[in-house]
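Read off the chains here:
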Amino acid sequence: MKKRILSLLLVLAAVFSFLPAYAQAADGPADSSNIWGHEYLFGRYGTPVYSQMTATDSGYARVEYIGEEGITIDEYDQNYRFRSHSQLPLELPIYGGVYFGTDYNFVVCGQANNQESDSTEVIRVIRYSKDWQRQDAASVYGANTSIPFKAGSLRMTQSGDMLYIRTCHEMYTSGDGFRHQANVQLNVRISDMEVTQCEAGVSNSATGYASHSFNQFVQVDGEDYLAVDHGDAYPRSVILFRYPQSAGKEQFSRWPQSVEVLPIAGGIGDNNTGVCVGGFEASDAAYLVAGKSIDQESGTQSSQYNIFVTVTPKDSFTQESTSVLWLTDYSNDDQVPMATPHLVKISGNRFMILWHEAGYLHYAFLDENGTVTSDVYTDTAPLSDCAPIVADNHVIWYVTKESAPVFYAIDLDRPNNVLVNGRVFTDVSPDRFYYAPVLWAYENKIATGVAPNRFAPEKVCTRGQIVTFLWRNAGCPAPQSLENPFVDVDPNSYCYEAVLWAVEQGITNGISENRFGPDKSCTRGHAVTFLWRANESPAPQNPSNPFADVEEGRFYSDAVLWATENDITQGISAGYFKPEGTCTRGQIVTFLYRSEN
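Keep in mind it's a predicted model, so treat the numbers as computed, not measured.

Undergrad: Tell me about the nonpolar core, and name the residues and values.
TA: Met 352, Leu 354, Trp 397 and Ile 466 are the most contacted members of the largest nonpolar core, which has 80 residues in total. It is helix α4 (residues 496–504) that provides the largest number of residues to this core, a total of 6 residues. Ignoring any residue separated from it by four or fewer positions in sequence, one finds Leu 354 in contact with Thr 340, Pro 341, His 342, Val 344, Leu 361, His 362, Tyr 363, Leu 383, Pro 388, Trp 397 and Ile 410.

Written out as structure tokens, the structure reads:
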């Protein structure tokens, strides 16, 4: 029962994400709610992509449509710190989408045409400079459209001087008295903003037409222009089109090649397809489409979604050559909540797929054939309709929940943790003394935290942890002997080799003849002594002792003087070092960082 409630909550979260939630502050970023916005409305059809981000010369820009507020443009630096806010009015009342082109940015908007008049402007494509100064626009009139962008999405791509738009519309009333929905192909010449082709009439899949089309994707792959539609009728499948004309042409033939990459069970026109498409990318070898689907062989008898990637080889663009790879394999009895995935292109042979499963983010790397090539990593980060981008060797996206954006990033070289607002550890604040040392320790694989996104800097450091930090800083040398003198150091422990190495190096001899005390708290006196010995126990240059609580002749006395001389630590206050006091994890890595820097 709980699992079913979770599934319902996931759907409701998706629905609520489309309700505008905004609070504008002139001196800060705009609030919104885009969390789970990439989920299909009611699990049946998509919507335009309201949230996007792009890399800029000085950081990142967040561009988002927020209801009556229009289009928000917030600028951030490379550390995700807010810099400026601006606003674009929506020139027509229905938002379609934004595209960051090579030399220009584009906004698409539209309006209803309930009178079904061929003289009504139903779509407007506006060209802006890169700093968002309006320059020109193209208009589409009538186009068999009563409501543009309805029950689907809108995506754009560019080839040379051509902007290609794939979207959808509710059409004029047909002979059966209904207004049906289908896809739209729109080509615009960028230099003079002229519409060179608009395919908006009723047709069939042989001409690139899909009815109904609940989500649309486009790609330019070299000289090829491709599109993906999620159809529930003609055809009833996720269908991939490849047009015969080279990308960059003003018009495409109405006879593209097509492959139904994921046929959908059920009756023609049944909106409940049990499929949600999340991404479409071209690899060096194939075309990849990612999404979630129920077991189509069982059809309406199934309600459990699983994550899939379809693979259509470029050199064999056929139904027979297309395969479907399943990344999850839950049965209908499991009832595990599953969110629509994002597919991110890193290079021609490396991709990342991200999805939410049972309340947790899952992500993995794929190769050019859609095969998983890494562990499936997990984290607690949410997803949104902001498709992740690749910038600065990270996969980055943002999420809002009646709030300003929270940025999430995955380091492509260190994918184990999701960074939050550029921070590896959410409990390590940039204004704390240990901020730089913790990042240094993480980047140098000296300390990896106690849990995903948590370093616990204020937690007391143990003896096992400090010798492990020292051992890793030394390059993880293998101990010369694996003979273990300590009954409390398990050979399977994370600190096993570090302890043996530390004993061999004379850094520590344990707390007794056969006990090391790996879980005991490390005192400040022990910490500087271990560090001093790891640096070959240099004699202090100035033997004068500034601390009233550091007795001459104690095991730590020379170590404390050395640490003070080298600005590793200056004690806890004037005249006091507190050698018997415990040392935190933040303090330990700070001592180590200062000794190395």
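Still more to cover.
Undergrad: Can you tell me about the pattern of salt bridges, naming the residues and giving the values?
TA: The tally for this structure, following the rule as stated, stands at 16 salt bridges. Arg 124 serves as the salt-bridge partner of Glu 121, at 2.7 Å between the closest nitrogen and oxygen. Judged by its relative accessible area of 18%, Arg 124 falls in the buried class. The salt bridge partner of Arg 432 is Glu 458, with a shortest N-O separation of 3.3 Å. With a gap of 26 residues between them, Arg 432 in the loop between β31 (418–420) and α2 (435–443) and Glu 458 in the loop between α2 and α3 (463–473) connect regions that are remote in the sequence. A relative accessible area of 48% means that Glu 458 is categorised as partly exposed. Taken together, the shared-partner salt bridges in this structure form one network comprising Glu 91, Glu 121, Arg 124 and Arg 134.

Undergrad: Go over empty space enclosed by the protein with me, naming the residues and quoting the values.
TA: Enumeration over the complete set of coordinates arrives at 2 cavities of 30 Å³ or more. Approximately 130 Å³ is the volume attributed to the largest cavity. Contributions of two or more residues to the lining of the largest cavity are made by β13 (179–189) and β14 (194–199). For the lining of the largest cavity, the element with the highest residue contribution is β13, accounting for 3 residues. Residue composition of the lining of the largest cavity, grouped by class: 5 nonpolar, 8 polar and 3 charged. What lines the second largest cavity is Ile 466, Phe 469, Leu 470, Ala 527, Leu 531, Ile 588, Phe 591 and Leu 592. Among the secondary structure elements, those contributing two or more residues to the lining of the second largest cavity are α3, α5 (524–534) and α7 (585–596).

Undergrad: Go over the layout of surface pockets with me, naming the residues and quoting the values.
TA: Of the voids in this model, the largest pocket is the one considered here, and its volume is about 1200 Å³. In terms of lining, the largest pocket is formed by 44 residues, of which the most central are Gln 52, Gln 219, Glu 281, Ala 387 and Pro 388. Elements that contribute at least two residues to the lining of the largest pocket include exactly β2 (51–56), β6 (94–100), β11 (155–159), β15 (211–221), β19 (275–282), β23 (342–347) and β27 (389–391). Each residue belonging to the lining of the largest pocket can be placed in one class, and the counts come to 22 nonpolar, 16 polar and 6 charged.

Undergrad: Give me the lowdown on the side chain of Thr 145, citing residues and values where you can.
TA: Note that Thr 145 resides in strand β10 (residues 145–148). Within polar-contact distance, the side chain of Thr 145 engages the backbone oxygen of Ala 143 at 2.8 Å. Setting aside anything within four residues of it in sequence, one finds Thr 145 in contact with Asn 113, Val 122, His 169, Glu 170 and Tyr 172.

Undergrad: Outline the packing of aromatic side chains, listing residues and values.
TA: Enumeration according to the criterion identifies 27 aromatic pairs in this entry. On the numbers, 4.6 Å between centres and 5° between planes, the contact of Tyr 225 with Phe 252 is stacked. Of this pair, Tyr 225 sits in strand β16 (residues 224–234) while Phe 252 sits in the loop between β17 (237–242) and β18 (257–263), and the two are 27 residues apart along the sequence. The same class applies to Tyr 225 as to Phe 252, namely buried. An angle of 55° between the planes, with centres 5.3 Å apart, marks the rings of Phe 425 and Phe 455 as tilted. Of this pair, Phe 425 sits in the loop between β31 and α2 while Phe 455 is found in the loop between α2 and α3, placing the two residues 30 residues apart along the sequence. Taking relative accessible area as the criterion, Phe 425 reaches 2% and is therefore assigned buried. The exposure class of Phe 455 is buried, given its relative accessible area of 0%. Here the aromatic residues Tyr 60, Tyr 76, Tyr 80, Phe 82, Tyr 398 and Phe 407 are joined through ring pairs into a cluster of three or more. If you follow Arg 127 out to its NZ or CZ, it ends over the ring of Tyr 104, 4.8 Å from the centre.

Thresholds applied
- Once a new chain begins, its residue numbering starts again from 1 and follows that chain's sequence as written.
- In keeping with the predicted nature of the model, local features appear solely for residues at pLDDT of at least 70, side-chain atom pairs appear and are counted solely at 80 or more, and the whole-chain, interface and lining totals rest on all residues.
- Side-chain metrics in this entry use all non-hydrogen atoms of the structure; hydrogen atoms and water are not considered.
- Nonpolar cores are built from buried Ala, Val, Leu, Ile, Met, Phe, Trp, Tyr and Cys residues. Side-chain atoms within 4.5 Å join them into one set.
- Per-residue accessibility, obtained with a 1.4 Å probe over protein chains only, is compared with the maximum for each type, and a residue is labelled buried under 20%, exposed over 50%, and partly exposed between these values.
- Note on conventions: DSSP H or I runs of at least 4 residues are helices, E runs of at least 2 residues are strands, and numbering of each starts at the N terminus.
- Contacts are residue-level and defined by heavy atoms, with any inter-residue pair within 4.5 Å sufficient.
- What counts as a salt bridge is simple: a side-chain nitrogen of Lys or Arg found within 4 Å of a carboxyl oxygen of Asp or Glu.
- Lining residues are defined by having an atom within 4 Å of a point belonging to a cavity or pocket. Those points lie on a 1 Å grid over the protein atoms alone, cavities being sets where a 1.4 Å probe fits but cannot get out and pockets being open sets with protein on both sides within 12 Å along at least five of seven lines.
- Grid points are joined across faces, edges and corners, and a volume is the space filled by probe spheres set on the points.
- The residue classification treats Ala, Val, Leu, Ile, Met, Phe, Trp, Tyr, Cys and Pro as nonpolar and Asp, Glu, Lys and Arg as charged. All others, Gly included, are polar.
- Polar contacts, as used here, are pairs of N or O atoms within 3.5 Å; protein pairs need one atom able to donate a hydrogen and one able to accept it. Residues neighboring in sequence count only if both atoms are side-chain atoms.
- Stacked, edge-to-face and tilted are the three classes for Phe, Tyr and Trp ring pairs, Trp counted by its six-membered ring, which pair at centre distances within 6.5 Å; planes under 30 degrees apart are stacked, over 60 edge-to-face, the rest tilted.
- Here, over-ring charges are defined by two tests on the NZ atom of lysine or the CZ atom of arginine: distance to the ring centre within 6 Å, and angle to the ring normal within 35 degrees.

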